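# Structure at a glance
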2 protein chains.
Amino acid sequence: MLLKYFYDEKLAQASYLVGCQAAGEAIVIDPARDIEPYVQTAKANGVKIVGVTETHIHADFLSGARELAARLGAVLYLSDEGGPEWCYEYAAEYNHRLLKDGDTFQIGKLTFEVLHTPGHTPEHIALLLTDGGSPANEPIGIFTGDFVFVGDVGRPDLLEKAANVSGSAEELARQMFRSLARFKQLPDYLQVWPGHGAGSACGKAIGAVQSSTVGYEKRTNWALQHEDEQTFVQSLLAGQPEPPTYFAMMKHLNKVGPHLVQQIAPVVQEAASIHTVEAWTRQGVVVDTRPASQFAQKHLPGVLNLPHDKSFSTWAGWLLDYERPIYLLADPQSVPAVLKDLRSIGLDQVAAVMDLAVYDLPGESQYTSYAEITPSQAREQVQAGDLFVLDVRYQKEWKAGAIPGARHVMLGYLPQRMQELPRDRPILVQCKSGRRSAIAVSLLRANGFSRVQNLDGGFDEWVRQGFPVKREPEAAPGR
Amino acid sequence: MLLKYFYDEKLAQASYLVGCQAAGEAIVIDPARDIEPYVQTAKANGVKIVGVTETHIHADFLSGARELAARLGAVLYLSDEGGPEWCYEYAAEYNHRLLKDGDTFQIGKLTFEVLHTPGHTPEHIALLLTDGGSPANEPIGIFTGDFVFVGDVGRPDLLEKAANVSGSAEELARQMFRSLARFKQLPDYLQVWPGHGAGSACGKAIGAVQSSTVGYEKRTNWALQHEDEQTFVQSLLAGQPEPPTYFAMMKHLNKVGPHLVQQIAPVVQEAASIHTVEAWTRQGVVVDTRPASQFAQKHLPGVLNLPHDKSFSTWAGWLLDYERPIYLLADPQSVPAVLKDLRSIGLDQVAAVMDLAVYDLPGESQYTSYAEITPSQAREQVQAGDLFVLDVRYQKEWKAGAIPGARHVMLGYLPQRMQELPRDRPILVQCKSGRRSAIAVSLLRANGFSRVQNLDGGFDEWVRQGFPVKREPEAAPGR
């Protein structure tokens, strides 16, 4: 048996290639949209990808299941649980098999047994793997998807919050309780291979360890310590992070079938021109992927700064409109990776790219910059009320302590809630470290807020300087 | 807790970075010599590498433990078991702590408990990890090094075969039996994080799954099914692969302390010149890292072909002399990776590199080539005895079936056993697929054998064609 682990750091998303070397066959579990890593790994290990499966209809990334079926002819193994609303609408186009609780299927000597494990979603399944090539014919582990993570379980509130399925959060939380009762019956020694690692918005306390065991989760996972359904439901629903706005779109696309990558329109390379960038800012959104410190010093008006770092996909999903064209200002070497990351969440509408020579053209007056100030520099103005302090962190961080007088609008909600901010006062934006607030500064400036500064070092530095902190801040305006 | 897995495909070698995010501290377990991946991963995850440990004195790769101690000031946690012969001689130069069975040490909230697990080597330890940051204060898993692998255990015969410690194989096999008895007492749910994956010469049947659990190994690992010590010892000693010749050197260097990477003499870049290559072939060994098919068509006399593929490190270790300078003919883009791979097993003496323009110089008569023939083309001559067939596969493959009349000298032993081969007959070299035999052809030709051909497609293709196979071939000459 062959088991390979794939991890998208930007989405904290895990996928697996499981193969039987004897039969030369493999299956991919919960594939990301870019299938090249699976294709190459299969080739290097002498196996052919004959199947693809997913544990549920994903909300946080675009699935590569259809891509594998279309390009390689892999058989789709898909959940047939959860009712008619949660059927894969594209399945009929390909060779596929629909799975009910208790069903099994084979890849070479490997047997996968389906467990219906609703909770995160109604159709969610987990896959119990037995390696028939091993001496004992007993299961080796379970692919849990977004059912059981290392130290956490999948959140049940996404359908209600991100896809507007009213009342579903509590019902799914109750189903999760019953699914976990089944999980507890599994043997302790089984490996647990989850669909996400730390940082994913599909859970609230996921550990930074890639896999676990049934026994260890039974001993340590908070969700498996509950004996009472009602307190479990309350605990599970409490403290879940803000669901990204793009999740609804992912859910939809993964159900109807993501576009194949070859169908994406080619991206035009444009010559460096300030005039072109100006035109782009009227036609769509212009994204500059440089680090925030470079952007702050010199950029063009109307441009959004989304640094191509570990959080790129998350903030692209929160802040970019799926209906508007995207124009990129980026180092040519990084463009393939940037496009891959955008496409990993279905942002396929990149119309054109321009390289960074656009920042070396003559005419300094056409460029702009914004100021970053440290807590020491900002403190006096903040305390005198001369600055409107905007805190763009997550709700959970905000509740744990904030700068006195600050107002809270989480970065991801800023596009919808800009009207709550004053246009007649200078704004100081802050997050934890200064990274998210830099994105917010560029967003506000691109939307006509002219007096916006970034708090360099963020709330962490504010605290390190020993400046005052409000432990129970006032409620965010409008919420 | 943070757990990151690192895997060197060419050495089938696993290492781990384990960190406590709360304390911002991490330790590396069984580091490879190139420490950059650990340094970068630690940085990306906001932890500092404060410790380094290894499960035993490695025989198959050069350890990065000294490098981490010297460059980062990481504390060395090293085995103090196994007797005075197996002490780390360089430990005293650095901040270090010697470990006995039952000792514990802390990295942030993580506790490591030492288990002395002799068998693969006398000083071998395993490390039981408990994450004090998790609700239950119970162990999560065990770093087993070369004690328990997925589906196998560490071989006990390396000291005797590769380091000439007479009589040690059986004694270590008996110690392994007792160490495994302790392993069986561990809870089923514990994860098992081994030091090697499939393909390593440190075991004979290692699975292609990166980790396992105590319970699954108890159910499936052949070595844990034995109740009787004597039959276990016999089984363990039988069928172990040929120990690479370079293992003795690794063992020595890892005990006295590997050279620091910054001490390695810089590599000179030489202009393309056939004359220079000729001079190099007299001063040392010239290695061409191109794929075998390109080398076969055009190369320079006296040059050894070691394609830079998945098996590169293994055959470099078997075939290159640690005392002679190495000269590389390689694509400049691949040179950093080639140097890293050579250095991973302590082959630091690369004196110079030349790019592949050396194959585009005028003067066709100075180049040479060798023929590849298919089984269909070769069959008649083989059966008429016109060709001396040399089988360079492993003993185990040879025993399972061979071309009638072939002689067996495993590729790794060829430098010492060339005198057994006829200089007055044409030689046809074969392995399983044609890859290893291509290396052998270049080695023989560089040593003056002029009539040498490679069997394209190897024994596999011979079998596919339905040509005769001898199931119990005669013993190899001279053995």
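What you see is a predicted model; the values in this text were computed from it and never measured.

Thresholds, definitions, all that
Residues numbered from 1 in each chain as written. Chains lettered and ligands numbered in written order. Predicted model: local features only at pLDDT ≥ 70, side-chain atom pairs only at ≥ 80, totals over all residues. Heavy atoms only, no water. Buried < 20%, exposed > 50% of the residue type's maximum accessible area, 1.4 Å probe, protein only. Helix = DSSP H or I, 4+ residues; strand = E, 2+ residues; numbered from the N terminus. Contact = heavy atoms within 4.5 Å. Polar contact = N/O pair within 3.5 Å; in protein donor to acceptor, adjacent residues only side chain to side chain. Pairing = 2+ DSSP bridges. Right-handed = clockwise from strand over helix to strand, strands pointing away. Least-squares fit on C-alpha atoms with pLDDT ≥ 70 in both. Salt bridge = Lys/Arg side-chain N within 4 Å of Asp/Glu carboxyl O. Buried area = accessible area lost by both parts, 1.4 Å probe. Arc of directions from axis to C-beta. Domains from an automatic or database assignment. Nonpolar A, V, L, I, M, F, W, Y, C, P; charged D, E, K, R; others polar. Phe/Tyr/Trp six-rings, centres within 6.5 Å; stacked < 30°, edge-to-face > 60°. Lys NZ or Arg CZ within 6 Å of the ring centre and 35° of its normal.

## Regarding helix H8 (residues 274-283) of chain B
Residues and elements named next belong to chain B.
- Among all positions in H8, only Ile274, Thr276, Val277, Ala279 and Trp280 are buried.
- Elements that come into contact with the buried residues of H8 comprise strand S15 (268-270), strand S16 (285-288), strand S18 (326-329) and strand S19 (350-354).
- For H8, the N-terminal capping position is held by serine 273, with its side-chain oxygen 3.3 Å away from the main-chain nitrogen of histidine 275.

## Examining the side chain of His58(B)
All names here are of chain B.
- Within the secondary structure, histidine 58 is located in the loop between strand S4 (48-53) and helix H2 (65-72).
- Among the polar contacts made by the side chain of histidine 58, one reaches the side chain of aspartate 30 at a distance of 3.0 Å.
- Once residues within four sequence positions are removed from consideration, histidine 58 is found in contact with Asp30, Ser63, Met250, Lys251 and Asn254.

## A word on the pairing of strand S5 (residues 75-79) of chain A
Residue and element names in this part refer to chain A.
- The buried fraction of S5 amounts to 5 of the 5 residues, a majority that puts the element mostly inside the structure.
- Where burial is concerned, the two faces of S5 agree: the one with Val75, Tyr77 and Ser79 and the one with Leu76 and Leu78 are both buried.
- Pairing of strand S4 (residues 48-53) with S5, which is carried by 3 bridges, proceeds in the parallel orientation. Bridge assignment links threonine 53 to a residue of S5, and that residue is tyrosine 77.
- Tracing the backbone out of S4, into helix H2 (residues 65-72) and back to the parallel element S5 gives a crossover that is right-handed.
- In this structure, S5 lies alongside strand S6 (residues 96-99), joined through 4 bridges in parallel fashion. Pairing of leucine 78 across the sheet is with leucine 98, part of S6.

## Examining the relation of the copies chain A and chain B
- Of the transformation placing chain A onto chain B, the axial shift is 0.0 Å and the rotation is 180 degrees, giving an RMSD of 0.0 Å. Such values leave the two copies arranged in the relation of a two-fold axis. It is Tyr189(A) whose C-alpha, among those of chain A, lies nearest the rotation axis, at 2.1 Å.
- When the interface residues of chain A are mapped onto chain B, 100% of them are again interface residues, pointing to one common binding face.

## Thoughts on the pattern of salt bridges
Residues and elements named next belong to chain B.
- This structure, assessed with the given rule, holds 53 salt bridges over all chains.
- When the shortest N-O distance is used, the salt bridge between aspartate 188 and lysine 218 registers 2.9 Å. One end of the pair, aspartate 188, is in the loop between helix H4 (168-184) and strand S13 (191-194); the other, lysine 218, is in helix H5 (residues 214-220), and 30 residues separate them in sequence.
- Judged by relative accessible area, which is 26%, lysine 218 ranks as partly exposed.
- The salt bridge partner of glutamate 397 is arginine 436, with a shortest N-O separation of 2.8 Å. Of the two residues, glutamate 397 is situated in helix H13 (residues 395-399) and arginine 436 in helix H15 (residues 435-446); the sequence distance between them amounts to 39 residues.

## What about the interface of chain A and chain B?
- Each partner contributes to the interface: chain A provides 30 residues, whereas chain B provides 30 residues.
- Of the roughly 2300 Å² buried at the junction of chain A and chain B (both faces included), carbon and sulfur atoms supply 54%.
- Area buried by chain A at its contact with chain B is led by Tyr189(A), Tyr216(A) and Arg219(A), which between them contribute 27% of it.
- Applying the counting rule to chain A against chain B returns 4 salt bridges.
- In this structure, the salt-bridge partner of Arg219(B) is Glu138(A), at a minimum N-O distance of 3.4 Å.
- Across the chain A-chain B interface, the total number found is 8 residue pairs in polar contact (both at pLDDT 80 or more).
- Those elements giving two or more residues to the side of chain A that touches chain B turn out to be strand S1 (2-8), strand S10 (139-145), strand S14 (212-213) and helix H5 (214-220) of chain A.

## Some remarks on the sheet that holds strand S19 (residues 350-354) of chain A
Residues and elements named next belong to chain A.
- In spatial order, the strands read S15-S19-S18-S16-S17; together these 5 strands make up an open sheet with parallel pairing. In the strand order of this sheet, the two ends are held by strand S15 (268-270) and strand S17 (304-305), each with one partner.
- Two elements, strand S18 (residues 326-329) and S19, share 4 bridges in a ladder whose sense is parallel. The partner of tyrosine 327 across the bridge, within S19, is alanine 352.

## As for the pairing of strand S24 (residues 452-455) of chain B
Residues and elements named next belong to chain B.
- Pairing of strand S20 (residues 372-373) with S24, which is carried by 2 bridges, proceeds in the parallel orientation. The partner of glutamate 372 across the bridge, within S24, is asparagine 454.
- Running through H15, the crossover from strand S23 (residues 427-430) to the neighbouring parallel element S24 is right-handed.

## Details of helix H12 (residues 375-384) of chain B
All names here are of chain B.
- Every buried residue belonging to H12 is among Pro375, Ala378 and Val382, and all of these are buried. Burial along H12 is one-sided: seen end-on, the buried residues are contained in an arc of 65 degrees. When the buried face of H12 is taken as reference, the exposed residues oriented beyond 90 degrees from it are Glu380 and Ala384.
- Lining the buried residues of H12 we find S20, strand S21 (388-391), S23, S24 and helix H16 (458-464).
- Where H12 ends, the next residue or the one after it, glycine 385, has phi of about 75 degrees, a positive value.

## Considerations on the sheet that holds S19(B)
- In space, the 5 strands of this open sheet follow the order S15-S19-S18-S16-S17 (chain B), with parallel pairing throughout. Taken across any chain shown, the strands that pair with only one partner, and hence form the sheet edges, are S15 and strand S17 (304-305) of chain B.

## Notes on the domain arrangement of chain A
Residues and elements named next belong to chain A.
- Per the domain assignment, the segments making up chain A are domain 1 (2-256), domain 2 (264-366) and domain 3 (371-464).
- Once you take the C-alpha centre of each, domain 1 and domain 2 turn out to be 33 Å apart.
- On the domain 2 side, the residues contacting the 16 residues of domain 1 number 18 residues.
- Buried surface at the junction of domain 1 and domain 2, both sides included, amounts to about 1400 Å², of which 60% is carbon and sulfur.
- It is Lys10, Arg33 and Tyr246 in domain 1 that bury the most area against domain 2; as a group they hold 46% of the surface buried on that side.
- For aspartate 348, the salt bridge is made with arginine 33, and the minimal N-O distance between the two is 2.6 Å.
- Our count for the domain 1 to domain 2 interface comes out at 5 residue pairs in polar contact (both at pLDDT 80 or more).
- Tallied by class, residues from the side of domain 1 that touches domain 2 come to 8 nonpolar, 1 polar and 7 charged.

## Some points on the environment of Ser293(B)
- Inspection of the secondary structure assignment puts Ser293(B) in helix H9 (residues 292-297).
- It is 9.8 Å that separates the C-alpha atoms of Ser293(B) and Asp456(B), two residues lying 163 residues apart in sequence.

## Some thoughts on the packing of aromatic side chains
Residues and elements named next belong to chain A.
- For the structure shown, the criterion picks out 44 aromatic pairs over all chains.
- A ring pair is formed by phenylalanine 177 and phenylalanine 232, whose centres lie 5.4 Å apart and whose planes are at 50 degrees; its orientation type is tilted. Taken as a pair, phenylalanine 177 in helix H4 (residues 168-184) and phenylalanine 232 in helix H6 (residues 229-237) lie far apart in primary sequence, 55 residues in all.
- Through pairs of rings, three or more aromatic residues link up here, namely Tyr5, Tyr7, Tyr16, Tyr77, Phe105, Phe112, Phe143 and Trp193.
- Taking the ring centre of tryptophan 86 as reference, the NZ or CZ of lysine 255 above it sits at 5.0 Å.

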